[in-house]
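Each chain, written out:
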Amino acid sequence: MSTFPSADPARTAEPRALQPSFEELSQNSRLLIRLRWVAGFGIISGTLFAKIALKTDLQILPLLLTGLIVLGYNSLLARASYTTASQNERTLRRAQQIAWGQIILDWLAMTILVHFTGGITSPALIYFVIHAALSGTILLPWQTRSLTLLAILIVSGLALLERAGLIPHVGIDELGLDDNLHQNTTYMLAVVFFFGTTLLTLSELVTYIAQRLRQREERIRQLYEARATFVRVATHELRAPLAAGLSLMKNIEQGYAGEFTDQQGAIIQRVIIRLDGLRTLIDDLLTLAVSREASTAQAPLEPVSIRAMLDKMIEREAPQAEHKKLVLDCHLSDEPGITLAGDVGLQIIFGNLLNNAVKYTPEGGRVEIEYTVVRMSRAGSAVIKIADSGIGIPIKDLPNIFNEFFRAQNAKNAQVSGTGIGLATVKTLVERYKGNINLESEEGKGTTVTVSLPLAPKQSQN
Amino acid sequence: MAKKILIIDDDPDVVFALRMPLESSGYEVHDAHSQETGLAAVDTVKPDAIILDVMMDTHTAGFQLAQKLHGPTAKEEHRQIPILMLTSVHQTTPLRFGPDEDYLPVDDFIEKPVDPKVLIGKLEKALKK
């Protein structure tokens with residue numbers, strides 16, 4: 001009963017058992033702790049109910065004490081698992097120890113419960129099933145197997161000791177069982193056999209499923225990595241010849257390769273514009289691929305400083321603005337503005353918005369960047385406003401402006417290279433970070449984009 | 001005497017495109033095409049400035065060479081030579097191959113495709129430092 005046939009014969013040489021991740025461990029530990037609150041109170045209230053309402057002859061003192069002990073060590077476990085909220089080598093080991101420890105403690109508490117409710121004849125015996133399943137989700141296969149065997153040994157040991165009269169048998173008369181049932185060898189063997197095989201089968205089954213899930217997760221992670229590498233390499237291979245070609249063309253355009261006729265000049269201009277468009281397309285497709293990854297639920301959110309990211313992106317855009325003689329007017333609050341986002345995602349958001357403002361504002365125009373922090377009693381938010389005096393967006397195009405691959409007619413006419421991916425990406429990311437984006441525009445006057453992002457709660461900022 | 005510029009880039013077309021405006025602005029241009037030959041050329045040519053590509057034989061060859069020339073273990077005479085790094089990563093694209101450019105020991109970045117005017121401007125600025 002200890003092995004399950006592999007569905008795929010090629011994979012019979014299974015890789016080593018995968019450790020549960022820190023996240024999986026802490027999640028399952030927290031689940032166990034929540035369940036144990038119920039169990040502890042359940043033992044106490046169940047005992048009182050059985051004694052008072054059902055008038056059974058339960059020994060309530062040891063049972064109430066067991067309930068209290070369970071609640072007691074659970075509050076210690078709850079505190080321990082709270083203090084190991086951040087992940088590193090040391091906290092992972094600690095989480096594993098906590099996982100082990102709590103299952104052993106529970107085994108002992110349940111043995112006491114079983115003893116005081118009838119030993120081998122106790123209806124509470126079935127509770128061991130819960131832990132056999134749970135240990136499979138948080139421990140390695142060999143650990144689960146050892147703990148399950150330990151549980152079977154404890155229960156058989158208890159049955160043997162009670163049968164031999166070395167410890168007293170505590171029967172409950174109201175169950176209507178034969179007083180000497182615990183001394184019936186056949187009954188005892190049958191219970192131990194079915195109890196043991198149930199526990200082993202269940203823990204093996206859960207271990208098998210948990211391992212399969214972990215392997216699948218591992219394979220997904222590897223696929224993600226492979227895809228990211230592919231996108232990077234492919235993009236480099238696409239970009240390199242284009243960049244070399246455009247660099248050469250710019251030499252001709254700027255007269256470093258000698259004189260050319262007006263018509264040749266016009267052709268060179270057109271070639272440069274078309275190649276530039278192709279370059280933008282490659283870049284935007286890459287950004288889209290990256291942002292899809294950054295906006296998926298799997299991408300972790302971490303504390304990022306809005307102010308620091310804004311500074312960085314403004315610095316990147318400044319040379320282009322200077323080249324177009326734009327006035328960059330920045331009013332930035334000194335607050336770091338820590339938000340829960342992704343580093344890459346925030347770069348895409350600010351990079352795109354600033355790039356748009358600079359790109360669609362004619363020479364000599366103005367781009368205003370405002371960053372303020374609004375604090376409310378407990379939470380707060382950061383508001384980033386980017387206003388330009390650019391070509392604006394026609395009113396009929398405004399409803400579609402956040403759609404993928406949509407470009408306003410005047411942007412196309414202005415021969416500014418773009419793909420219509422930028423704003424769609426920005427909106428997806430802002431929403432992923434639980435923020436809002438708002439765009440106001442008037443054709444010929446300019447566009448104002450306002451993004452607000454929630455500030456991270458204090459404890460996650462450290 | 002003309003100032004010496006060393007271009008380290010494995011793409012001959014990029015080297016050609018950089019060479020034209022540099023030579024017509026009066027610089028003496030040398031080139032190398034890998035991390036190893038580049039490092040050797042720094043000692044033989046003794047350039048006044050280096051223009052370095054990020055990706056050559058490996059994706060991070062340029063980063064590694066910049067570390068060797070300007071990093072904490074670099075020779076003092078190497079550290080004096082300004083480095084302009086060629087990057088072909090679009091401004092809004094966060095996918096970069098090596099460490100964040102904020103931590104790179106280089107003097108300036110030149111975006112590919114190279115605009116000759118921008119190249120000359122940044123080079124003059126770096127040489128004045």
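Residues numbered from 1 in each chain as written. Chains lettered and ligands numbered in written order. Predicted model: local features only at pLDDT ≥ 70, side-chain atom pairs only at ≥ 80, totals over all residues. Heavy atoms only, no water.

1. A word on the nonpolar core
All names here are of chain A. The line we're drawing: Residues enter a nonpolar core if they are buried and are Ala, Val, Leu, Ile, Met, Phe, Trp, Tyr or Cys, with the set joined through side-chain atoms within 4.5 Å. Relative accessibility decides the category of a residue: with a 1.4 Å probe and only protein chains considered, values under 20% of the type maximum give buried, values over 50% give exposed, and everything between is partly exposed. The numbering of helices and of strands both runs from the N terminus, where a helix is a DSSP run of H or I of at least 4 residues and a strand a run of E of at least 2. Contact between two residues is taken to exist if any of their heavy atoms lie within 4.5 Å; hydrogens are not considered.
Within the largest apolar cluster, 43 residues are counted, with the highest numbers of intra-cluster contacts made by Trp107, Ile120, Leu125, Phe128, Ile138, Phe195 and Leu199. Every element with two or more residues in this core is listed here: helix 1 (22-53), helix 2 (60-83), helix 3 (89-115), helix 4 (128-138), helix 5 (141-163) and helix 6 (185-253). With nine residues, the top contributor of residues to this core is helix 3. In contact with Leu125, not counting residues within four places along its chain, are Val114, Ile120, Val155, Val191 and Phe195. Grouped together as the second largest cluster of nonpolar side chains are 42 residues, Leu346, Ile348, Phe350 and Val449 included.

2. A few points about a negative patch on the surface
Residue and element names in this part refer to chain A. The criterion, for reference: What goes into a patch is any residue over 30% in relative accessible area without a salt bridge, connected to like charges within 9 Å or, for nonpolar side chains (Val, Leu, Ile, Met, Phe, Trp, Tyr), within 5 Å. Here the accessible surface of atoms and residues is derived via Shrake-Rupley with a 1.4 Å probe, and residues count as covered only by protein chains that are part of the display. Counted as salt bridges are all cases of a side-chain nitrogen of Lys or Arg within 4 Å of a carboxyl oxygen of Asp or Glu. The positive count covers Lys and Arg only, the negative count covers Asp and Glu only, and His and the chain ends enter neither. Note on charges: their place is set at NZ of Lys, CZ of Arg, CG of Asp or CD of Glu.
Where like charges cluster on the molecular surface, the negative patch consists of Asp57, Asp173, Glu174, Asp178 and Asp179. Within the element layout of this structure, Glu174 appears in the loop between helix 5 and helix 6. Its relative accessible area of 43% is what places Glu174 among the partly exposed residues.

3. Comments concerning the packing of helix 2 (residues 35-45) of chain B against helix 3 (residues 61-70) of chain B
Residue and element names in this part refer to chain B. Going by this rule: Axes here mean lines fitted to C-alpha atoms, for a helix over just the part in contact, with angles spanning 0 to 180 degrees between N-to-C directions. We call two directions roughly parallel when the angle between them is under 35 degrees, roughly antiparallel when it is over 145, roughly perpendicular when it lies between 65 and 115, and oblique otherwise. Throughout, a crossing is termed right-handed when the near helix is turned clockwise from the far one, and left-handed when it is turned anticlockwise from it by less than a right angle. Classes in brief: Ala, Val, Leu, Ile, Met, Phe, Trp, Tyr, Cys and Pro nonpolar; Asp, Glu, Lys and Arg charged; the others, Gly included, polar.
Axis separation between helix 2 and helix 3 bottoms out at 10 Å; the angle between their running directions is 30°. Here helix 2 is positioned roughly parallel relative to helix 3, judged by the angle of their axes. Of the two elements, helix 2 crosses helix 3, and the hand of that crossing is right-handed. Along its contact with helix 2, which presents Gln35, Leu39 and Val42, the element helix 3 presents Ala61, Gln64, Leu65, Lys68 and Leu69. By residue class, the composition of the contact of helix 2 with helix 3 is five nonpolar, two polar and one charged.

4. Observations concerning the environment of Leu69 of chain B
Residue and element names in this part refer to chain B. Its place among the elements puts Leu69 in helix 3. The class for Leu69 is buried, based on a relative accessible area of 0%. A sequence separation of 36 residues divides Leu69 from Pro105, and the C-alpha atoms of the two residues are 8.6 Å apart. Leu69 has contacts with Leu39, Val42, Ile50, Ala74, His78, Arg79 and Ile83, leaving out every residue within four places of it along the chain.

5. Description of the sheet that holds strand 3 (residues 49-53) of chain B
All names here are of chain B. Under the convention used in this document: Should DSSP find at least two bridges between two strands, the strands are regarded as paired.
Taken in spatial order, the five strands make up an open sheet running 2-1-3-4-5, and their pairing is parallel. Since the sheet does not close on itself, it has two edges, and those belong to strand 2 (28-32) and strand 5 (108-111), each with one partner. Neighbour-to-neighbour, the strand axes of this sheet turn through a mean angle of 25°, independent of strand direction. In the packing of helix 3 onto the sheet, the strands contacted are strand 1 (4-8), strand 3 and strand 4 (83-87), and the crossing angle to strand 4 comes to about 170°. Relative to strand 5, helix 5 (residues 116-128) is tilted by about 170°, and along the sheet it contacts strand 1, strand 3, strand 4 and strand 5.

6. A closer look at the domain arrangement of chain A
Note the following rule: All the domain ranges listed were derived from an automatic or database domain assignment.
Entries for chain A in the domain assignment read domain 1 (9-224) and domain 2 (299-461). On a C-alpha basis, the centroid separation for the pair domain 1 of chain A and domain 2 of chain A is 54 Å.

7. What to know about the environment of His70 of chain B
Residue and element names in this part refer to chain B. The cut-off we apply is this: By the criterion applied in these results, polar contacts are pairs of N or O atoms within 3.5 Å in which, for protein atoms, one can donate a hydrogen and the other can accept it, and in which residues neighboring in sequence qualify only through two side-chain atoms.
Position of His70 relative to the elements: it lies in helix 3. By relative accessible area, His70 is classed as buried at 14%. As for His70 and Thr87, which are separated by 17 residues in sequence, their C-alpha atoms are 18 Å apart. Each residue touching His70, except ones within four places of it in the same chain, is listed here: His78, Arg79, Ile81, Pro82, Ile83, Pro105 and Asp107. Side-chain polar atoms of His70 contact the backbone oxygen of Ile81, separated by 2.6 Å.

8. What about the environment of Glu111 of chain B?
The residue Glu111 of chain B is located in strand 5 in this model. Separated by 101 residues in sequence, Glu111 of chain B and Asp10 of chain B place their C-alpha atoms 16 Å apart.

9. Considering the confidence of the model for chain B
Heads up, the condition is: Note on scores: pLDDT gives the predictor's confidence for each residue, bounded by 0 and 100.
Mean pLDDT over chain B stands at 84; residues scoring 70 or higher make up 87%. Here residues 90-100 of chain B is a poorly scored stretch, pLDDT under 50, and it has 40 contacts once near neighbours within four places are set aside; other chains count.

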